[in-house]
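So the chains spell out like this:
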Amino acid sequence: RKAEDDMKRLLVTGASGFKGIRVADFYRGKYEICAPGHGELDITDQAGVVSRLRDWRPDYVVHCAAISDIGRCDREPERSWDINVHGAVNLAKAAMLVGAKCLLCSSDQVYAGSVLKGPHREAEKVQPGNLYSREKLAAEERCLEVNPDSVHLRLSWMYDRRTLNPGEHSDFLRTLLAKLGTREEMRYSVNDYRGITDVNQVAENLEAAFALEGGVYNFGAPGTEAMFHMVDSLFGQLGWDRARLVREETAYAENPRDLTMSQEKLNGSGIFFTDTKERLLWILKDDPIGQG
């Protein structure tokens, strides 16, 4: 029991979701984990959030809870704003009151409406192109106003080869693996530029992020290629059949989407992510399904 008492306390919101469940799982045993469900912690209830954090006294807060479905945000704008903006602000305020370091998950989607080409830097002026990204930007700005020590991590699209929750949505890697065993075409855009990140590396790098100064950080794998070219090159290096890959020419044709993120600020703080293609190659090179 003494060893447990000596552990730092880590509060993870959204711990039943894709990111949160992996963060809690990764640090369990190293930190005393508090992973409340919605019934225990309603992040939209400011007084309740303060009361709960005073009871739990976490050393660190990692805020993963959000409505991240872009379509749902559009359908439920008031609800999504309440959770994605007000909920984040409530956590940031309460963390400051109890002396906890607060890390909040933001998104590379804030760059989606930018007229600038990437890799995008944190200090550039952004023009979010949808409600979800406007909510994430508003959360960053308002949380930093109430808690200047809060850290906002702009995450990219993430993947894992494991499924930890039966209700999880599919992702890039698991969709690719599922299609490898079929004759189905595999279609990727030549106009969509982005890095995609192994969620396990996100979890692993969070501990170093506890020491970051307050502010906004790009927090994901570097990658500058269009999705089609990245996958085509990956298949070539693995010796897989590239003929089944199809170039998607129409999506984002008039205005190519560039969500690539500069790693300079993060790397300057001693935190590094493996390049998108390099990480995927490492994961897939011994995959027996792909070799078939």
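Residues numbered from 1 in each chain as written. Predicted model: local features only at pLDDT ≥ 70, side-chain atom pairs only at ≥ 80, totals over all residues. Heavy atoms only, no water.

K.L.:
Could you give an account of the overall build of the protein chain, naming the residues involved and the relevant values?
P.N.:
A tally of regular secondary structure across the protein chain gives 12 helices and 12 strands. The C-alpha radius of gyration computed for the protein chain amounts to 20 Å, which stays within 12% of the reference 19 Å derived for 292 residues, consistent with globular compactness. Expressed along its principal axes, the backbone C-alpha trace of the protein chain runs to roughly 60 × 45 × 40 Å. Taking all 292 residues of the protein chain together, the buried fraction comes to 51%. Of the contacts made within the protein chain by residues no fewer than 6 positions apart, 79% connect residues no fewer than 24 positions apart. Entry remark: accessible area of the protein chain is about 13900 Å², with carbon and sulfur atoms responsible for 47%. (Helix = DSSP H or I, 4+ residues; strand = E, 2+ residues; numbered from the N terminus. Rg over C-alpha atoms; globule rule 2.2 N^0.38 Å. Buried < 20%, exposed > 50% of the residue type's maximum accessible area, 1.4 Å probe, protein only. Contact = heavy atoms within 4.5 Å. Areas by Shrake-Rupley, 256 points an atom, 1.4 Å probe, with all protein chains shown as cover.)

K.L.:
Help me get a handle on the sheet that holds strand β2 (residues 32-34), residues and values and all.
P.N.:
Strand order in the open sheet formed by 6 strands is β2-β1-β3-β4-β5-β10, and the pairing between neighbours is parallel. Among the strands making up the open sheet, the edge pair consists of β2 and β10 (215-218). Geometrically, the sheet is characterised by an average inter-axis angle of 20 degrees between neighbouring strands, direction not taken into account. Pairing analysis gives 4 bridges linking strand β3 (residues 60-63) to strand β4 (residues 101-107), with the strands arranged parallel. Across the sheet, Tyr60 pairs through a bridge with Lys101, a residue of β4. (Pairing = 2+ DSSP bridges. Axes fitted to C-alpha atoms, helices over the stretch in contact; angles between N-to-C directions.)

K.L.:
Talk me through the pattern of salt bridges; I want residue IDs and the actual numbers.
P.N.:
Per the counting criterion, the structure on display carries 21 salt bridges. Note that Arg174 and Asp171 form a salt bridge whose closest N and O atoms lie 2.8 Å from each other. Judged by relative accessible area, Arg174 falls into the buried class, the value being 13%. Residue Asp171 is classed as buried on the basis of its relative accessible area of 3%. A salt bridge links Glu184 to Lys179, with the shortest nitrogen-to-oxygen separation between them at 3.8 Å. (Salt bridge = Lys/Arg side-chain N within 4 Å of Asp/Glu carboxyl O.)

K.L.:
Please provide a residue-by-residue account of the packing of aromatic side chains, values included.
P.N.:
Aromatic ring pairs: the centre-centre distance and the angle between the two ring planes describe each pair. What the rule picks out here adds up to 9 aromatic pairs. Taken together, a centroid distance of 6.0 Å and an interplanar angle of 75 degrees make the contact between Trp157 and Phe172 edge-to-face. One end of the pair, Trp157, is in strand β6 (residues 157-159); the other, Phe172, is in helix α7 (residues 172-180), and 15 residues separate them in sequence. Note on Trp157: relative accessible area 33%, which makes it partly exposed. For Phe172, a relative accessible area of 4% puts it in the buried group. Ring geometry for Phe235 against Trp240: centres 5.2 Å apart, planes inclined by 80 degrees, an arrangement best described as edge-to-face. Assessed through its relative accessible area of 0%, Phe235 is described here as buried. When its relative accessible area of 9% is taken as the criterion, Trp240 is described as buried. (Phe/Tyr/Trp six-rings, centres within 6.5 Å; stacked < 30°, edge-to-face > 60°.)

K.L.:
If you had to explain the nonpolar core to someone new, which residues and values would you point to?
P.N.:
Counting residues in each nonpolar core, the largest one holds 27 residues, and the members touching the most others are Leu10, Leu103, Leu153, Leu206, Leu212 and Phe219. Among the secondary structure elements, those contributing two or more residues to this core are β1 (9-13), α2 (18-27), β3, β4, β5 (151-155) and α8 (199-209). Tallying contributions element by element places α8 first for this core, with 5 residues. Setting aside its immediate chain neighbours within four residues, Leu10 contacts Tyr27, Tyr31, Glu32, Ile33, Cys34, Tyr60, Val62 and Phe210. Formed by 25 residues, the second largest nonpolar core is a distinct cluster that contains Val49, Cys102, Leu104 and Ala139. (Core = buried A, V, L, I, M, F, W, Y, C linked by side-chain atoms within 4.5 Å.)

K.L.:
How would you sum up the packing of helix α3 (residues 46-56) against helix α5 (residues 77-98)? Please name residues and give values.
P.N.:
Packing of α3 against α5 leaves a shortest axis separation of 9 Å and a crossing angle of 35 degrees. As for the relative orientation of α3 and α5, their crossing is right-handed in sense. For the pair formed by α3 and α5, the contact residues are Gln46, Val49, Val50, Leu53 and Arg54 on the first element and Asn90, Leu91, Lys93, Ala94, Ala95, Leu97 and Val98 on the second. A per-class count over the contact of α3 with α5 returns 8 nonpolar, 2 polar and 2 charged. (Left-handed = near helix turned anticlockwise from the far one by under 90°. Nonpolar A, V, L, I, M, F, W, Y, C, P; charged D, E, K, R; others polar.)

K.L.:
Now, about the state of the cysteines: what can you tell me, with residues and values included?
P.N.:
The final tally for this structure, using the stated rule, is 0 disulfides. With no disulfide of its own, Cys34 lies 13 Å from the sulfur of Cys64, the closest cysteine sulfur. (Disulfide = S-S within 2.5 Å.)

K.L.:
A description of helix α9 (residues 227-238) should follow, citing residues and the corresponding values.
P.N.:
An α-helix turns once per 3.6 residues; consequently, residues spaced three or four apart project the same way. Its 12 residues give α9 an end-to-end C-alpha distance of 16 Å, which sits within 8% of 16 Å, the value for a rise of 1.5 Å per residue. Restricting attention to buried positions, one finds in α9 the residues Met227, Phe228, Met230, Val231, Asp232, Leu234, Phe235 and Leu238. Of the residues one or two after α9, Gly239 is the one with positive phi, at around 75 degrees. (Expected span 1.5 Å × (residues − 1).)

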